[in-house]
Amino acid sequence: MAGIVVVESLTKRFGRVVAVDDLSFSLEAGTITGFLGPNGAGKTTTLRMLLGLARPTHGRALVFGKPYARLRRPPLLVGAVLEATGFHPGRSGRDHLRMLGRSIGIPDARADEVLRLVELDGAAKRLVKGYSLGMRQRLGLASALLGDPELLVLDEPTNGLDPEGVRWLRDFLRATAQGGKTVLISSHGLAEVAQTVNRVLIINHGRLVVESTLEELTSSPDGSVCTRSTQPQRLLHALRAERLEVTEASDGALAVQGATPERIGAIACAAGIPLSELVGQASSLEGAFLRLTSEVAS
Amino acid sequence: MIGLMRAESLKIRSTRTTLGLLAGMTALVVLVVVLTGVFAKSSDLIGTSNQLSLLSYGSFAIVFAGLAGVLLVTSEYRYGTIRPTLLFNPSRARVLIAKLVASFLAGIIFSVVAEGAGLIAGLLILTARGLPLTLSGGDIGLLIGGTIAGTALWAALGVGLGSLIRNQVGALIVLLSWIFVVEPLVFAFVPSVGRWFPGQAVNALTGLASAHLLAPAAAAAVLVLWASSLAVAGNALMARTDVS
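Residues numbered from 1 in each chain as written. Chains lettered and ligands numbered in written order. Predicted model: local features only at pLDDT ≥ 70, side-chain atom pairs only at ≥ 80, totals over all residues. Heavy atoms only, no water.

Visitor: Any chance you could explain the overall build of chain B here in plain terms?
Guide: In terms of regular secondary structure, chain B is built from 11 helices and zero strands. Helices and strands appear in chain B in the N-to-C order α-α-α-α-α-α-α-α-α-α-α. Dimensions of chain B along its principal axes, counting C-alpha atoms only, are 60 × 35 × 30 Å. Per-residue burial over chain B gives 50% buried out of 244 residues. Accessible surface computed for chain B: about 10,100 Å², of which carbon and sulfur atoms make up 73%. Averaged over its 14 positive side-chain charges, chain B has a centre that lies 10 Å from the centre of its 7 negative ones. (Helix = DSSP H or I, 4+ residues; strand = E, 2+ residues; numbered from the N terminus. Buried < 20%, exposed > 50% of the residue type's maximum accessible area, 1.4 Å probe, protein only. Areas by Shrake-Rupley, 256 points an atom, 1.4 Å probe, with all protein chains shown as cover. Lys, Arg positive; Asp, Glu negative; His and termini not counted. Charge placed at Lys NZ, Arg CZ, Asp CG, Glu CD.)

Following this line, the structure appears as structure tokens:
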């Protein structure tokens, strides 16, 4: 069976910067895929090309076998939320949905239906400028649901959501997938989506780093330990002095290979370096993500 | 396509900006007509050309309709609504055509409101001062028809300009400085060039008497050409440009 989404050798250059570099993957029906990578990895650029908003420099992205722009009434097949900022502040949430719906002949009543679905019906007539960030995320989701699509594409949907909002979104997406729909959800962190997705694509510097199921990723004998310190450079040197393989993430976290948390703690203690975080095998998922997406420190 | 036009029309109506533009326009037209009509000497309000200019202040509508047209495109980029708009309708050319049609129709409403208010205020002042109307029915017909056509085309012209200069502030500055600085200056000093400009074309369309203005039919053609050239250029640019 052909994938619902097929991305082939997708490349996007902005001048000399290669934002997306020869990326290929496909999505099967009924899967929830996490599209992961650090900020700037090329996730949003990939999604923009997938949705016909940006033109690939090379390669192609197909949804339901066609480039997005060739789909007839695409919102009936693909629902997408790219950012929580695509609203006119002086327009009500309901008018926003009606305006989008009318453009492809979706009746106004459907706008009220999706507003109930995302639990925004109480704020339907209020202007978007009075909406919280979480409400805007849900309004974006409502617009993606207008056409009752088979595929949902969500770009960083948990950004700015409070824990309750994240939980609400997770439950919502699970219910959606149980209904046989396909979901592609991008995030800069694995933790945000680990409980939602069953498959992950990890990209870094525009290239595909890992494509696997969540189980494969967690069961891989990775054994890396994630640690943080208020003095990351000193810790890095202390660990390297012990001939450990250490990779450094942009936020200062270190992923250490081939050592137990006990040994790392002892090394840090001996060097007098305070640790603020030390997480072992239990969250090797995060360690794997960190290792796969961080720069190899030189 | 009809659905897309309905959507664009709802876009114009569903924010208070349009209402604000209509209110500001009407207030300005009435104010200028009243000030002119009250303070002008009676002898100055008898002549047909002076009466025509008193009753033609409704053509201020071109500024406001042009602004509405510019805003219909540039607010999409300013607030990012261009993303959902294009996700729902990936053909940028169709979106642009729908905006041109919707703004053209909005321009008709702008002009009817403005010219209606200006005409009523002007006629009331002439009546109150006991001055006879020296304009013919044909003059007034041309004034009304020209204002409506000119304003509708200016709204479409605003859409074309907005699609070329998608930065909202930039587009508004270009539009306003064109209307209030560039055109008046060029027309004053080099009328043979200035008369081909879209603002002067509206003056010609409404029948304002000037040796330098084009004939009304030619002015209509010039306006259509301006609006369509900007739209074609904007369409070419939008087709090539990625949406972030």
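Visitor: Help me out: how do you make sense of the overall build of chain A in this one?
Guide: Assigned secondary structure in chain A consists of 10 helices and 13 strands. For chain A, whose C-alpha radius of gyration is 21 Å, the value lies close to the compact-globule estimate of 19 Å for 298 residues. Considered along the principal axes of its C-alpha atoms, chain A spans approximately 70 × 40 × 40 Å. In chain A, buried positions account for 56% of the 298 residues. Looking at chain A alone, contacts between residues at least 24 apart form 68% of all its contacts between residues at least 6 apart. Summing over all exposed atoms, chain A offers an accessible surface of approximately 13,000 Å²; the carbon and sulfur share of this is 50%. Once the 34 positive and 31 negative side-chain charges of chain A are each reduced to a mean point, those two points are 8 Å apart. (Rg over C-alpha atoms; globule rule 2.2 N^0.38 Å. Contact = heavy atoms within 4.5 Å.)

Visitor: Sorry, what's going on with helix α3 (residues 108-117) of chain A here?
Guide: All names here are of chain A. Buried within α3 we find Arg110, Ala111, Val114 and Leu115. One side of α3 carries all its buried residues, which in axial view fall inside an arc of 145 degrees. Residues of α3 that are buried make contact with α2 (93-103) and α4 (133-145). (Arc of directions from axis to C-beta.)

Visitor: Sorry if this is basic, but what is going on with the sheet that holds strand β2 (residues 17-27) of chain A here?
Guide: Two modes of strand pairing occur in sheets, parallel and antiparallel, and in both the strands are linked by backbone hydrogen bonds. All names here are of chain A. The antiparallel open sheet is built from three strands, whose spatial order is β2-β1-β4. Every interior strand has two partners, whereas the edge strands, β2 and β4 (58-63), have only one. On average, each strand axis in the sheet is inclined to that of its neighbour by 20 degrees, with strand direction left out of account. Judged from the seven bridges that link them, strand β1 (residues 5-14) and β2 form a sheet pairing that is antiparallel. Looking at the pairing, Val6 lines up with Ser26 of β2. Contacts between helix α1 (residues 43-50) and the sheet are confined to β1, β2 and β4, with β1 contributing the most and set at about 120 degrees to the helix. (Pairing = 2+ DSSP bridges. Axes fitted to C-alpha atoms, helices over the stretch in contact; angles between N-to-C directions.)

Visitor: How should the pattern of salt bridges be read in this particular structure?
Guide: Pairing between side chains becomes possible if they bear opposite charge and their charged atoms approach one another. Residues and elements named next belong to chain A. Evaluated as defined, the whole model comprises 16 salt bridges over all chains. A salt bridge links Asp148 to Lys181, with the shortest nitrogen-to-oxygen separation between them at 2.6 Å. Highlighted residues: Asp148 in the loop between α4 and β6 (151-155) and Lys181 in the loop between α5 (163-178) and β7 (182-187), separated in sequence by 33 residues. Of the charged contacts in the structure, one is a salt bridge between Arg228 and Glu277, with a shortest N-O distance of 3.0 Å. With a gap of 49 residues between them, Arg228 in strand β10 (residues 225-229) and Glu277 in strand β13 (residues 275-279) connect regions that are remote in the sequence. Looking at Arg228, the relative accessible area reads 26%, which means it is partly exposed. (Salt bridge = Lys/Arg side-chain N within 4 Å of Asp/Glu carboxyl O.)

Visitor: Would you explain the nonpolar core in this entry?
Guide: For soluble globular proteins, the rule of thumb is that nonpolar side chains tend to be buried together. Judged by nonpolar contacts, the single largest core of 54 residues is most densely connected at Leu21, Met25, Phe110, Trp154, Leu175 and Leu223 of chain B. Counting only elements with at least two residues in this core, the list comes to α2 (16-39), α4 (61-79), α6 (92-128), α7 (137-164), α8 (168-189), α10 (198-205) and α11 (216-240) of chain B. When residues of this core are assigned to their parent elements, the largest contribution, 11 residues, is made by α4 of chain B. Beyond its immediate stretch of four places on either side in the chain, Met25 of chain B contacts Ala61, Phe64, Phe110, Val113 and Ala114 of chain B. Of all hydrophobic cores here, the second largest spans 48 residues; its members include Phe87, Val183, Ala194 and Leu214 of chain A. (Core = buried A, V, L, I, M, F, W, Y, C linked by side-chain atoms within 4.5 Å.)

Visitor: So what exactly am I meant to see when it comes to the sheet that holds β6 of chain A here?
Guide: Residues and elements named next belong to chain A. Reading across the sheet, the six strands line up as β5-β6-β7-β3-β8-β9 and stay open at both edges, with mixed pairing between neighbours. The open sheet has two edge strands with one neighbour each: β5 (78-81) and β9 (207-213). Taken pair by pair, the neighbouring strands of this sheet meet at an average axis angle of 15 degrees, ignoring direction. Across four bridges, the pairing between strand β3 (residues 32-36) and strand β8 (residues 199-204) is parallel. Considered in β8, the bridge of Leu36 is made with Ile202. Against the sheet, α4 contacts β5 and β6, and its axis sits at roughly 165 degrees relative to β5.

Visitor: I would appreciate a short explanation of the interface of chain B and chain A in the present structure.
Guide: It is common to give the size of an interface as the accessible area lost on bringing the parts into contact. Counting residues at the interface gives 28 residues for chain B and 34 residues for chain A. Buried area between chain B and chain A, both sides added, is near 2,700 Å², and the carbon and sulfur share of it is 60%. For the pair chain B and chain A, the number of links is one salt bridge. Asp242 of chain B is the partner of Lys12 of chain A in a salt bridge, and the nearest nitrogen-oxygen pair spans 2.5 Å. One can count 11 residue pairs in polar contact (both at pLDDT 80 or more) joining chain B with chain A. Put simply, the parts of the chain that give the side of chain B that touches chain A at least two residues each are α1 (2-13), α4, α5 (82-88) and α11 of chain B. Per element, the largest residue contribution to the side of chain B that touches chain A is seven residues, and it comes from α1 of chain B. (Buried area = accessible area lost by both parts, 1.4 Å probe. Polar contact = N/O pair within 3.5 Å; in protein donor to acceptor, adjacent residues only side chain to side chain.)

Visitor: In this structure, what is going on with the environment of Pro198 of chain B? I would like to understand it.
Guide: Residues and elements named next belong to chain B. With respect to the helices and strands, Pro198 occurs in helix α10. Its relative accessible area of 2% is what places Pro198 among the buried residues. Along the chain, Pro198 and Ile62 lie 136 residues apart, while their C-alpha atoms are 9.9 Å from each other. Apart from residues no more than four positions distant in its own chain, Pro198 is found in contact with Trp154, Leu157, Trp178, Glu183, Leu223 and Trp226.

Visitor: Is there a simple way to think about a nonpolar patch on the surface in this case?
Guide: Residues and elements named next belong to chain B. A cluster of nonpolar residues, Leu176, Phe180, Val181, Val182, Leu185, Phe189, Val190 and Val193, forms a patch on the protein surface that exposes about 710 Å² of accessible area. The leading source of residues in the nonpolar patch is α8, at six residues. When you line up the elements, Phe180 lands in helix α8. (Patch = residues over 30% accessible without salt bridge, like charges linked within 9 Å, V, L, I, M, F, W, Y side chains within 5 Å.)

By themselves, these observations are geometric and do not establish any function.
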